Amino acid sequence: MFSKTALMVGTIMSVAVAGPVYAGSNAATDQADTMATDDAMKSDVNKMGDEVANEYEDAKDFTYEEKDEFLAWVEEKSDQLGDQYDEVSASVKQDSEEAVDELAEAWDGASAELGEAFEDAKEASAESWEEVKKNTMTALEDAQNALSDDQTVE
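No experiment lies behind these values; they were computed from the predicted model shown.

One way to put it is that helix H4 (residues 97-122) packs onto helix H5 (residues 129-147) with a least axis distance of 8 Å and a crossing angle of 160 degrees. One element, H4, and the other, H5, form an angle in the roughly antiparallel class. By crossing handedness, the relation of H4 to H5 is classed as left-handed. Facing H4, whose interface residues are Leu103, Ala106, Trp107, Ala110, Glu113, Leu114, Ala117, Asp120 and Ala121, H5 presents Trp129, Val132, Asn135, Thr136, Thr138, Ala139, Leu140, Asp142, Ala143, Ala146 and Leu147. Taken together, the residues of the contact of H4 with H5 break down into 14 nonpolar, 3 polar and 3 charged.

This part is about the nonpolar core. In terms of nonpolar packing, the biggest core is built from 28 residues, with Phe70, Trp73, Val74, Met137 and Leu140 touching the most fellow members. Apart from residues no more than four positions distant in its own chain, Met137 is found in contact with Tyr56, Ala59, Phe70 and Trp73.

Next up on the list: the packing of aromatic side chains. As enumerated under the stated definition, the model contains 6 aromatic pairs in all. Ring geometry for Phe62 and Trp73: centres 6.4 Å apart, planes at 45 degrees, overall tilted. With Phe62 in the loop between helix H2 (28-59) and helix H3 (67-92) and Trp73 in helix H3, this pair connects stretches of sequence that are 11 residues apart. Judged on exposure class, the residue Phe62 and its partner Trp73 are both buried. Relative to Trp129, the ring of Tyr64 has its centre 6.0 Å away and its plane inclined at 75 degrees; by these criteria the two rings are edge-to-face.

Looking now at the confidence of the model for the chain. Averaged over all residues, the pLDDT of the chain equals 73, while 62% of them reach at least 70. Confidence drops under a pLDDT of 50 for residues 1-35, and excluding neighbours within four residues, the segment shows 47 contacts in the predicted structure. Across residues 150-154, confidence stays below pLDDT 50; counting only partners more than four residues off in sequence or on other chains, it has 6 contacts.

Locating Lys67 in the fold gives a position in helix H3. Nearest to the buried, unbridged Lys67 among oppositely charged side chains is Asp68, at 6.5 Å. Excluding anything up to four places from it in sequence, Lys67 contacts Ala121, Lys122, Glu123, Ala124 and Trp129.

Attention now goes to H4. Taking 1.5 Å of rise per residue, the 26 residues of H4 would be expected to cover 38 Å, and the 37 Å separating its terminal C-alpha atoms lies within 8% of that figure. Buried within H4 are the following residues: Leu103, Ala106, Trp107, Ala110, Leu114, Ala117, Phe118 and Ala121. Each element contacted by the buried residues of H4 is listed here: H3 and H5.

Note that side chains of opposite charge can pair when their charged atoms are close. Under the counting rule described, the total for this entry stands at 2 salt bridges. Linking Glu119 and Lys122 is a salt bridge whose minimum nitrogen-to-oxygen distance equals 3.1 Å. Placement of both Glu119 and Lys122 in helix H4 is noted, with a separation of 3 residues, approximately one turn of the helix. Overall, Glu119 belongs to the partly exposed group, its relative accessible area being 36%. The exposure class of Lys122 is partly exposed, given its relative accessible area of 39%. With a shortest N-O distance of 3.3 Å, Glu130 and Lys133 are connected by a salt bridge. In this pair, Glu130 and Lys133 are both assigned in helix H5, 3 residues apart and thus about one turn of the helix distant.

Calculation criteria
Residues numbered from 1 in each chain as written. Predicted model: local features only at pLDDT ≥ 70, side-chain atom pairs only at ≥ 80, totals over all residues. Heavy atoms only, no water. Axes fitted to C-alpha atoms, helices over the stretch in contact; angles between N-to-C directions. Helix = DSSP H or I, 4+ residues; strand = E, 2+ residues; numbered from the N terminus. Parallel < 35°, antiparallel > 145°, perpendicular 65-115°, else oblique. Left-handed = near helix turned anticlockwise from the far one by under 90°. Contact = heavy atoms within 4.5 Å. Nonpolar A, V, L, I, M, F, W, Y, C, P; charged D, E, K, R; others polar. Core = buried A, V, L, I, M, F, W, Y, C linked by side-chain atoms within 4.5 Å. Buried < 20%, exposed > 50% of the residue type's maximum accessible area, 1.4 Å probe, protein only. Phe/Tyr/Trp six-rings, centres within 6.5 Å; stacked < 30°, edge-to-face > 60°. pLDDT = per-residue confidence, 0-100. Lys, Arg positive; Asp, Glu negative; His and termini not counted. Salt bridge = Lys/Arg side-chain N within 4 Å of Asp/Glu carboxyl O. Expected span 1.5 Å × (residues − 1).

Structure (structure tokens):
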């Protein structure tokens, strides 16, 4: 559901969170230079996160007359999230079976919610458009959250 930039956020975030590598570094100045690079990488991640947030904010402006364009946008984002799920699922398999199960459970619930919201959006009337659109955006955000490392299954 997100652009390639959004998918890269998770990848870069994983690299940034993994911690700096100071191979062959013996002096404090070597480490300080590496930390500057880490800060720049974190800044890039923040910028990409802002771009994703802006994309969602822009989607809120779809009018009822632009319903078909909104539906196409949601479908594109849904497909991208499905691809992202495949990537995250493959990487989580290395962690544990429990992690795979938790991810699958979170994704199944979120994708079912998104599917229902998409169907509601297709059937929306002019009167129900704003509420249906809001629910669809929430479902998209929930699906993205299901794929984030911070998501926990309750």
